[in-house]
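Per-entry structural report
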Amino acid sequence: MIGACTAYFLARRGIDVIVIERTEVAAAASSKAGGFLALDWCAGTPLDELARRSFQLHAALPDEIAGDWGYQRMTAYSGFVVGDRDARRHTPAQLAWLASGIIIADRLGTPETTAIVHPRKFTSAIMSAAQKHGAELRAGQVTGIVWSADRSMVRGVEVGGALLEADAVVVAMGPWSLMAAAWLDLPAVFGQRSPSLVYDTGTDVPADALFLEYQEESGAIVSVEVFPRGDGSTHITAFSNEAPLPLEPAAVTPDPSEIDRLEAISGEALAELIAEGVSPTMDLTPFDPGRLRPLHPPLLRSD
Ligand SMILES: Cc1cc2nc3c(=O)[nH]c(=O)nc-3n(C[C@H](O)[C@H](O)[C@H](O)COP(=O)(O)OP(=O)(O)OC[C@H]3O[C@@H](n4cnc5c(N)ncnc54)[C@H](O)[C@@H]3O)c2cc1C
């Protein structure tokens, strides 16, 4: 995503750009992210100006670039998953999600301040747009940066054992930029791993993002993020951790135990609940018959 966007804005200025990609465009986090965007969530930090500009650009890019990457404005809420474990035990498996409740605590963002994209489609569209402006995309693995003899100037990068000359080098290798930090004597960068689930929830899902807290049976409190997207998918992610990084981006695979853990937090339940709509500052207990009747009328009738 970072490499494709940099290539796009450079190529638009008429600058010659070559993007070297080891695996494929959007091979890593840039295809697996939630794609959530916020205008002012970096307020008070050095990132604030960048975040605001990025938010504006995301709003403008659909008018500039061909393709549909599901850009849409959203409302964002925080809240708590307050599952009733006894109820869960006594609920038929197919209705297990009804045994979890969600309490919405606060509204975090409005359509003026929060939005979403489908990250893989966005990255691919931006890379294609960069190519239309003359950028070149090459398959290859960068294995080093090549310097002038006195190390005062960069000469290019090493790809497949050969020098690819360049006036400037942009390192946009995500967590693998750690290797470039060694080549460049820069501080180390780190990545975090998060499992995510993507559900097909249909395009009628309201554009409401949820940032929820959930207490697991162990007592641990975890944060769960739920992002319905414009293409009819709902992305759910939780707990991030640090894990050894495989050298090959394609070798980053889900940890089955983490996926099971995430599924256990009523991930599907949340997606279905979202499919019915989320109201601000409302206690959305799943046993509210008025709220859930349209989904399962015979089961939720209060009489
Ligand atoms: C589950 C999850 C949810 C997230 N949700 C959000 C969100 O909602 N909103 C948000 O803003 N951010 C989110 N993020 C973070 C966001 O995904 C990342 O910050 C972003 O995608 C990083 O993009 P990148 O271009 O820096 O790196 P990457 O996407 O990691 O891309 C790096 C690229 O470099 C290539 N590469 C690596 N080594 C080499 C080499 N030696 N030579 C050539 N190519 C190489 C890789 O193949 C890869 O294509 C999320 C991340 C995760 C994991």
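Residues numbered from 1 in each chain as written. Predicted model: local features only at pLDDT ≥ 70, side-chain atom pairs only at ≥ 80, totals over all residues. Heavy atoms only, no water.

1. Details of the overall build of the chain
For the chain, the helix and strand inventory stands at 10 helices and 13 strands. Residues classed as buried in the chain amount to 38% of the 303 residues present. (Helix = DSSP H or I, 4+ residues; strand = E, 2+ residues; numbered from the N terminus. Buried < 20%, exposed > 50% of the residue type's maximum accessible area, 1.4 Å probe, protein only.)

2. Looking at the sheet that holds strand β7 (residues 154–159)
The three strands lie next to each other as β6-β7-β8, forming an open sheet whose pairing is antiparallel. Looking at which strands have only one partner, the edges of the open sheet turn out to be β6 (142–147) and β8 (162–165). Averaged over neighbouring strand pairs, the angle between their axes works out to 35 degrees when direction is ignored. As paired elements, β7 and β8 share four bridges and run antiparallel to each other. The partner of Gly156 across the bridge, within β8, is Glu165. (Pairing = 2+ DSSP bridges. Axes fitted to C-alpha atoms, helices over the stretch in contact; angles between N-to-C directions.)

3. Section: the site of the ligand
Neighbouring the ligand are 28 residues; Ile2, Glu21, Ser30, Gly34 and Phe36 lie closest to it. Here Met1 contributes a backbone N or O atom positioned 3.1 Å from an oxygen atom of the ligand. The separation between a nitrogen atom of the ligand and a polar main-chain atom of Arg22 is 3.1 Å. In the complex, the protein chains occlude 79% of the 1000 Å² of accessible area that the ligand would expose alone. Of all the secondary-structure elements, those providing two or more residues to the shell around the ligand are β1 (18–21) and α2 (29–32). For the shell around the ligand, the element with the highest residue contribution is α2, accounting for three residues. A per-class count over the shell around the ligand returns 15 nonpolar, nine polar and four charged. (Near = heavy atom within 4 Å. Polar contact = N/O pair within 3.5 Å; in protein donor to acceptor, adjacent residues only side chain to side chain. Areas by Shrake-Rupley, 256 points an atom, 1.4 Å probe, with all protein chains shown as cover. Nonpolar A, V, L, I, M, F, W, Y, C, P; charged D, E, K, R; others polar.)

4. With respect to unusual backbone geometry
A positive phi angle, close to 60 degrees, is found at Ala26, a residue other than glycine. Relative to the assigned elements, Ala26 resides in the loop between β1 and α2. Its relative accessible area of 10% is what places Ala26 among the buried residues. Not every positive phi belongs to a glycine, and Arg151 is a case in point at roughly 60 degrees. Tracing the backbone through its elements, the reader meets Arg151 in the loop between β6 and β7. According to the relative accessible area criterion, Arg151 is partly exposed, its value standing at 43%.

5. Re the pattern of salt bridges
Within the structure shown, the criterion is met by seven salt bridges. For Arg12, the salt bridge goes to Glu64, with nearest N and O atoms at 2.7 Å. Of the two residues, Arg12 is situated in helix α1 (residues 2–12) and Glu64 in helix α3 (residues 48–64); the sequence distance between them amounts to 52 residues. Residue Arg12 is classed as partly exposed on the basis of its relative accessible area, which comes to 40%. Look at Glu64 and you get partly exposed, because its relative accessible area is 42%. Between Arg193 and Asp255 there is a salt bridge; the shortest N-O distance is 3.8 Å. (Salt bridge = Lys/Arg side-chain N within 4 Å of Asp/Glu carboxyl O.)

6. Side note on a nonpolar patch on the surface
Taken together, the side chains of Phe80, Val82 and Ile103 make up a nonpolar region of the molecular surface, amounting to roughly 220 Å² of accessible area. Counting through the fold element by element, Val82 comes out in the loop between β3 (72–81) and α4 (85–89). Given a relative accessible area of 38%, Val82 falls into the partly exposed group. (Patch = residues over 30% accessible without salt bridge, like charges linked within 9 Å, V, L, I, M, F, W, Y side chains within 5 Å.)

7. Quick word on the side chain of Ser177
Mapping Ser177 onto the fold places it in helix α6 (residues 177–184). Looking at Ser177, its side chain comes within polar contact range of the main-chain nitrogen of Met173, at 3.1 Å. Once residues lying within four places of it in the same chain are set aside, the contact partners of Ser177 are Val171, Ala172 and Val189. (Contact = heavy atoms within 4.5 Å.)

8. Section: the packing of aromatic side chains
Tallied over the entire structure, the rule returns seven aromatic pairs. Taking the centre distance of 5.2 Å and the plane angle of 70 degrees together, the rings of Phe36 and Phe211 count as edge-to-face. With Phe36 in strand β2 (residues 36–38) and Phe211 in strand β10 (residues 208–215), this residue pair connects regions lying 175 residues apart in the sequence. (Phe/Tyr/Trp six-rings, centres within 6.5 Å; stacked < 30°, edge-to-face > 60°.)

Scope: geometric values only; no functional claims are made or implied.
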